[in-house]
Amino acid sequence: MKEKLQNLQKTALKEIFSAKDLKTLKEVAVAYLGKKGKLTEILHGVKDLPAESKPIIGKLSNEIKVELEKAFADKNKEIENLEIAKSLNEEWIDLTASGEKYEYGHLHPLTKTQHEVENIFHGMGFMVADGPEVECEKYNFDDLNIPATHPARDMQDTFFLDKKPDVKLGKLVLRTHTSPVQVRTMLKYGAPLKIIVPGRVFRNEALDACHEHTFDQVEGLMIDKEISLAHLKGVMAEFLSKLFEKEVKVRFRPGYFPFVEPGLELDMSCTICGGVGCKTCKHAGWLEFMGAGMVHPNVLKAGGIDPNVYQGWAFGFGLTRLIMMRYGIDDIRVLNGGDLRFVEQF
Ligand code: FA5
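The residue numbers shown here count from 1 along each chain, following its written sequence. The predicted origin of the model limits local features to residues at a pLDDT of at least 70 and limits the giving and counting of side-chain atom pairs to 80 or more, whereas totals for whole chains, interfaces and linings rest on all residues. Hydrogen atoms and water are omitted, and side-chain values are computed over all heavy atoms in the structure.

Quick look at the nonpolar core now. In this description, a nonpolar core means a group of buried Ala, Val, Leu, Ile, Met, Phe, Trp, Tyr and Cys residues linked to one another through side-chain atoms lying within 4.5 Å. Only protein chains enter the accessibility calculation, which uses a 1.4 Å probe. A residue is then buried if its area is under 20% of the maximum for its type, exposed if over 50%, and partly exposed in between. Among the nonpolar cores identified, the biggest contains 44 residues, and M236, F239 and F317 are the most heavily contacted of them. Helical segments are the DSSP runs of H or I of at least four residues, strand segments are the runs of E of at least two, and each set is numbered from the N terminus. Mapped by element, the contributors of at least two residues to this core are α5 (109-123), β5 (214-224), α8 (229-244), β7 (260-269), β8 (286-295), β9 (311-318), α10 (319-327) and α11 (340-343). Looking at which element gives the most residues to this core, the answer is α8, with 8 residues. With 24 residues, the next largest nonpolar core counts M186, L221, I223 and Y310 among its residues.

Right under this line is the structure:
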């Protein structure tokens, strides 16, 4: 009997130590210490043993019972701790981690470049002026010396608003360029004047990769005493070199705009090849950049400035085309197309 008890003790301890989870451990406990457990049955049978072995077996059985109960309790704690550690490991939170990244919106490349353009001109003492997108014929055309016969005043080129024309201001139009802000600011501030005017303009265009009906321009105007085209050349070379972060040269070619005299086209040296000639500049070394010229005396007069005292120059370039050149965009329509896959690249 003693031997049987000792074997039971050995196997019970072995099973307790090798239990991997609480369920198995509980099954082992029931098998030995439960109501019908192996040790319980022996304990119940002690009373029927011969008198001489009763105290010995009774004592031994009780000792084994206490030992097994302690072993169960210890193992139970060990398994519980292991399970807690395991779940902590699985649910572990790194409070120092930087967290989930949120997608923030950002400025459109057009707006970003507009801000850069404004900053550079600000640095050269230019004020940023603004004007209405719904303009009247007087400022968009008449005051700019654009005659009634000019093709821009044709329904096919300009969006006219379906409103009764004003006797003095004429019909309402979506401004076709930023130039109407020239006379508006001359009337408001007088001379001397140094402004740029970034803004949206509209033309009833046949659309293609280079032509939009809605695009952005930047107007420039400098009026003072003894102002010449040399100032324009200096300002534009400085502006373009700052924007492209490399030396950019400029050159003039004759051009015609009714509101300047003489009128000119300004080319910039190709920013890709530096003027040597490449595919982008069609091997010319130069890229067409903008229209400009000395402000026509009639425009100065319309702005209330005496052309015998003051003179100046004006320019207008396409901000949208500048951005295409800057980022190598080959179709203007993607800029205002609203496709996030395009915008997210910037
Ligand atoms: C003008 O609009 C004149 N107001 C510029 C000017 C101002 C000349 C002051 C002299 C003195 P032009 O029509 O060429 O000029 O347009 C100027 C620029 O706008 C062009 O060089 C081009 O870059 C851009 N542009 C013209 N039409 C479109 C269009 N449909 N889509 C995108 N950009 C255009």
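That was the structure; now back to the text.
For the bond running from A191 to P192, omega is -5°, close enough to zero to count as cis. By secondary structure assignment, the location of P192 is in the loop between α7 (180-189) and β4 (193-202). A cis amide bond, omega 0°, links E261 with the succeeding residue P262. Among the structural elements, P262 can be located in strand β7. Phi at E245 is positive, roughly 55°, even though this residue is not glycine. If you trace the backbone, E245 turns up in the loop between α8 and β6 (250-254).

Let us now look at the pairing of β6. In short, DSSP must find at least two bridges between two strands for them to pair. Pairing geometry for β6 and β7, over 5 bridges, is antiparallel. If you follow V250 over to β7, its bridge partner there is M268. With antiparallel pairing between neighbouring strands as the criterion, β6 and β7 make up a hairpin whose turn holds 5 residues.

Moving on, we come to the environment of G234. Inspection of the secondary structure assignment puts G234 in helix α8. Judged by its relative accessible area of 41%, G234 falls in the partly exposed class. Taking the C-alpha atoms as reference points, G234 and L207, 27 residues apart in sequence, are found 34 Å from one another.

The cutoff for a nearby residue is simple: one of its non-hydrogen atoms must lie within 4 Å of the molecule or strand. Surveying the vicinity of the ligand reveals 22 residues, the closest of which are H177, S179, R203, E205 and Q217. In the analysis that follows, any N or O atom pair within 3.5 Å is treated as a polar contact, provided that within protein one partner can donate a hydrogen and the other can accept it, and provided that, for residues neighboring in sequence, both atoms belong to side chains. Within the side chain of Q217, a nitrogen or oxygen atom sits 3.0 Å from an oxygen atom of the ligand. Taking 670 Å² as the accessible area of the ligand by itself, protein coverage stands at 88%. Those elements giving two or more residues to the shell around the ligand turn out to be β5, β8 and β9. A per-element tally of the shell around the ligand places β9 first, with 4 residues. Each residue is assigned to one of three groups, with Ala, Val, Leu, Ile, Met, Phe, Trp, Tyr, Cys and Pro labelled nonpolar, Asp, Glu, Lys and Arg labelled charged, and all others, Gly among them, labelled polar. Of the residues belonging to the shell around the ligand, the class tally is 9 nonpolar, 8 polar and 5 charged. Calculation of accessible area relied on Shrake-Rupley with a 1.4 Å probe; when residues are assessed, cover is drawn exclusively from the protein chains displayed.

You can see H108 is positioned in the loop between α4 (54-90) and α5. In this structure the side chain of H108 is engaged in a polar contact, spanning 2.8 Å, whose partner is the backbone oxygen of L335. Not counting residues up to four positions away in its chain, the partners in contact with H108 are L335 and V343. Contacts are assigned to residue pairs that have any heavy atoms within 4.5 Å of one another.

This brings us to the packing of helix α2 (residues 22-33) against α4. Every axis in this analysis is a line fitted to C-alpha atoms, fitted for helices over the stretch in contact. Angles between the N-to-C directions lie between 0 and 180 degrees. With their axes 10 Å apart at the nearest point, α2 and α4 run at an angle of 170° to one another. If you check the angle between α2 and α4, you find them roughly antiparallel. Contacts from L22, L25, V28, A29, Y32 and L33 of α2 reach α4 at K65, L68, E69, F72, K75, N76, I79, E80 and E83. Per-class residue counts for the contact of α2 with α4 are 9 nonpolar, 1 polar and 5 charged. For classification purposes, an angle smaller than 35 degrees is called roughly parallel, one larger than 145 roughly antiparallel, one from 65 to 115 roughly perpendicular, and anything else oblique.

It is possible for side chains of opposite charge to pair when their charged atoms get near one another. Whenever a carboxyl oxygen of Asp or Glu lies within 4 Å of a side-chain nitrogen of Lys or Arg, that contact is scored as a salt bridge. Inspection of every chain in the model, using the stated rule, returns 17 salt bridges. One continuous salt-bridge network, built from bridges that share partners, spans E137, D142 and R153.

Burial runs high along β4: 8 of the 10 residues are buried. For strand β1 (residues 127-128) and β4, the ladder comprises 2 bridges, and the chain directions are parallel. Note on β4: the bridge partner recorded for M127 is I195. Here β4 pairs with β5 via 10 bridges, running antiparallel. Paired with G199 across the two strands is Q217, which belongs to β5.

Keep in mind these numbers describe shape, not what the thing actually does.
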